[in-house]
Amino acid sequence: MFKDTLVAVLKALYRALRRYVAKNKYLAAFSAVVLVLALVRLFFPSVANGKKDVVAVADTSKVVSQPVEQPVADSLRIWQQASGASAEFPLTYFFDDKGRQLKHRINSVPGFSRTFPDNNDVQLLAASTHGVEPVADRRDAEKRKKELVFVGASPYFHVDPLHNSIPYLVPRAAVLLNDIGRAYYDSLQIKGIPLHQIIVTSVLRSRVDVKKLRGYNPNATENSCHLYGTTFDICYNRYKTVSPFEGRPRRAVRNDTLKWVLSEVLRDMREKKRCYVKYEVKQGCFHITVR
């Protein structure tokens, strides 16, 4: 109150001096006002202090940390820390009116063989249309890097150690594989299942690889879709677990459950006409060719 009154008086004094003091006296009058302000500050130092904001400091001594059930987000952060990845994962959680996280049911598919019936002749036609010329050997494959994309590392899938193939795909197939892995993450998340990576067991094969494979696997065809860089295999009986934070318990998940979720993702991709899928019983994998 005192401060506001003083300021008002000084302003009035300043206006009066401007009005009545001659121009050649203005500088002297202004100096007088400055002197008056200096004297006020000298004898009333509290006037110069502004209002202080009141900051409420929380008492953290009574705060108890409560664990939040976010297995997917936790797993992604662990993967980023372990691998040094800088990719961002746009995970979205959905909640009902009461704040409870929505989780979708696991429906699987009516039958694996019926849902994924695309035989080699169907896939071979797509492979020869969208793929590269078959490579002779690994040295020949190295010369095709302008046509092929390296798929040996990704946050969305894990590639097994490859003995009869090379981790390369044509760009069209590489995008498909990435989208399958990402859709699998999303599906696990919305169903409330801890994060797992799909495992790729076979990718591009050279003619030397096919010949070697046929030596001990009679089911391997000479004119394989894998020769064209359009085809990859995803095993359905193994998955790579993404570890949670240290010290936090991890809920175990059956491989059958993870297989059911994967089958839903692959069915959706097939129905969108993005790929052909064959359910391989003996090899324990989904044989997939981009369309």
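This text goes with the structure placed above it.
My aim in this report is to walk through the structure given alongside it, one point at a time. Source: prediction; values computed, not measured.

1. Details of the overall build of the protein
In step 1: Helix and strand counts for the protein come out as nine helices and eight strands.
In step 2: In the protein, buried positions account for 40% of the 291 residues.
In step 3: Considering only intrachain contacts with a sequence separation of at least 6, the fraction spanning at least 24 residues in the protein is 71%.
In step 4: Element-wise, carbon and sulfur atoms account for 55% of the exposed surface of the protein, whose accessible area totals about 18200 Å².

2. Description of the state of the cysteines
In step 1: Applying the stated criterion across every chain yields a total of zero disulfides.
In step 2: Here cysteine 285 is not disulfide-linked; the sulfur of cysteine 235 is the nearest cysteine sulfur, at 8.1 Å.
In step 3: The class of cysteine 285 is buried, set by a relative accessible area of 5%.

3. As for the packing of aromatic side chains
In step 1: Counting across every chain of the model gives eight aromatic pairs.
In step 2: Taking the centre distance of 5.1 Å and the plane angle of 20° together, the rings of phenylalanine 112 and tyrosine 279 count as stacked. A residue pair is termed long-range when its members are at least 10 positions apart, and phenylalanine 112 in helix α4 (residues 112-115) and tyrosine 279 in strand β7 (residues 275-280) qualify at 167 residues. Of the two residues examined, phenylalanine 112 and tyrosine 279, each falls in the buried class.
In step 3: Joined through ring pairs, the aromatic side chains of Phe112, Phe116, Tyr236, Tyr279 and Phe286 make up one cluster.
In step 4: Lying over the aromatic face of phenylalanine 112, lysine 259 brings its terminal NZ or CZ to 4.3 Å of the ring centre.
In step 5: For lysine 259, the ring lying beneath its charged end belongs to tyrosine 236, and the centroid distance is 4.1 Å.

4. Focus on helix α5 (residues 120-130)
An α-helix turns once every 3.6 residues. As a result, residues three or four positions apart point the same way.
In step 1: Every buried residue belonging to α5 is among Gln123, Leu124, Ala126 and Ala127, and all of these are buried. When α5 is viewed along its axis, its buried side chains cluster within an angular range of 165° and face the same direction. Summarising the geometry of α5, the exposed residues directed more than 90 degrees from the buried face are Asp121, Leu125 and Thr129.
In step 2: Elements that come into contact with the buried residues of α5 comprise β5 (231-235), β7 and β8 (285-290).

5. Describing the pattern of salt bridges
Any two side chains of opposite charge can pair, given that their charged atoms come close.
In step 1: As enumerated under the stated definition, the model contains 10 salt bridges in all.
In step 2: Two residues, arginine 270 and aspartate 118, come together in a salt bridge whose shortest N-O distance is 2.8 Å. You can see arginine 270 sitting in helix α9 (residues 255-271) and its partner aspartate 118 sitting in the loop between α4 and α5, a full 152 residues away along the chain.
In step 3: Between glutamate 142 and lysine 145 there is a salt bridge, and its shortest N-O distance comes to 3.0 Å.
In step 4: Look at glutamate 142 and you get partly exposed, because its relative accessible area is 40%.

6. Digging into the packing of helix α7 (residues 171-190) against α9
In step 1: Between α7 and α9, the shortest axis-to-axis distance is 10 Å and the interhelical angle comes to 130°. With respect to α9, the element α7 is oriented oblique. Crossing hand, α7 versus α9: right-handed. Contacts from Leu176, Asp179, Ile180, Ala183, Tyr184, Ser187 and Leu188 in α7 reach Leu258, Val261, Leu262, Glu264, Val265, Leu266 and Met269 in α9.
In step 2: Its residues assigned to classes, the contact of α7 with α9 comprises 11 nonpolar, one polar and two charged.

7. Structural notes on the nonpolar core
In step 1: With 48 residues, the main nonpolar core has Ile180, Tyr184, Phe232, Phe286 and Ile288 as its most contacted residues.
In step 2: Those elements that place two or more of their residues in this core are β2 (157-159), β3 (168-169), α7, β4 (196-202), β5, α9, β7 and β8.
In step 3: The element contributing the most residues to this core is α7, with eight residues.
In step 4: Setting aside its immediate chain neighbours within four residues, isoleucine 180 contacts Ile198, Phe232, Ile234, Val265, Leu266, Met269 and Ile288.

8. Some points on unusual backbone geometry
In step 1: Positive phi outside glycine occurs at lysine 273, with the angle close to 60°.
In step 2: As for its position among the elements, lysine 273 is in the loop between α9 and β7.

9. As for the side chain of glutamine 197
In step 1: Residue placement: glutamine 197 occurs in strand β4.
In step 2: We classify glutamine 197 as buried; its relative accessible area is 4%.
In step 3: Polar side-chain contacts of glutamine 197 include one of 3.5 Å to the side chain of tyrosine 185.

So, how was this worked out
Residues numbered from 1 in each chain as written. Predicted model: local features only at pLDDT ≥ 70, side-chain atom pairs only at ≥ 80, totals over all residues. Heavy atoms only, no water. Helix = DSSP H or I, 4+ residues; strand = E, 2+ residues; numbered from the N terminus. Buried < 20%, exposed > 50% of the residue type's maximum accessible area, 1.4 Å probe, protein only. Contact = heavy atoms within 4.5 Å. Areas by Shrake-Rupley, 256 points an atom, 1.4 Å probe, with all protein chains shown as cover. Disulfide = S-S within 2.5 Å. Phe/Tyr/Trp six-rings, centres within 6.5 Å; stacked < 30°, edge-to-face > 60°. Lys NZ or Arg CZ within 6 Å of the ring centre and 35° of its normal. Arc of directions from axis to C-beta. Salt bridge = Lys/Arg side-chain N within 4 Å of Asp/Glu carboxyl O. Axes fitted to C-alpha atoms, helices over the stretch in contact; angles between N-to-C directions. Parallel < 35°, antiparallel > 145°, perpendicular 65-115°, else oblique. Left-handed = near helix turned anticlockwise from the far one by under 90°. Nonpolar A, V, L, I, M, F, W, Y, C, P; charged D, E, K, R; others polar. Core = buried A, V, L, I, M, F, W, Y, C linked by side-chain atoms within 4.5 Å. Polar contact = N/O pair within 3.5 Å; in protein donor to acceptor, adjacent residues only side chain to side chain.

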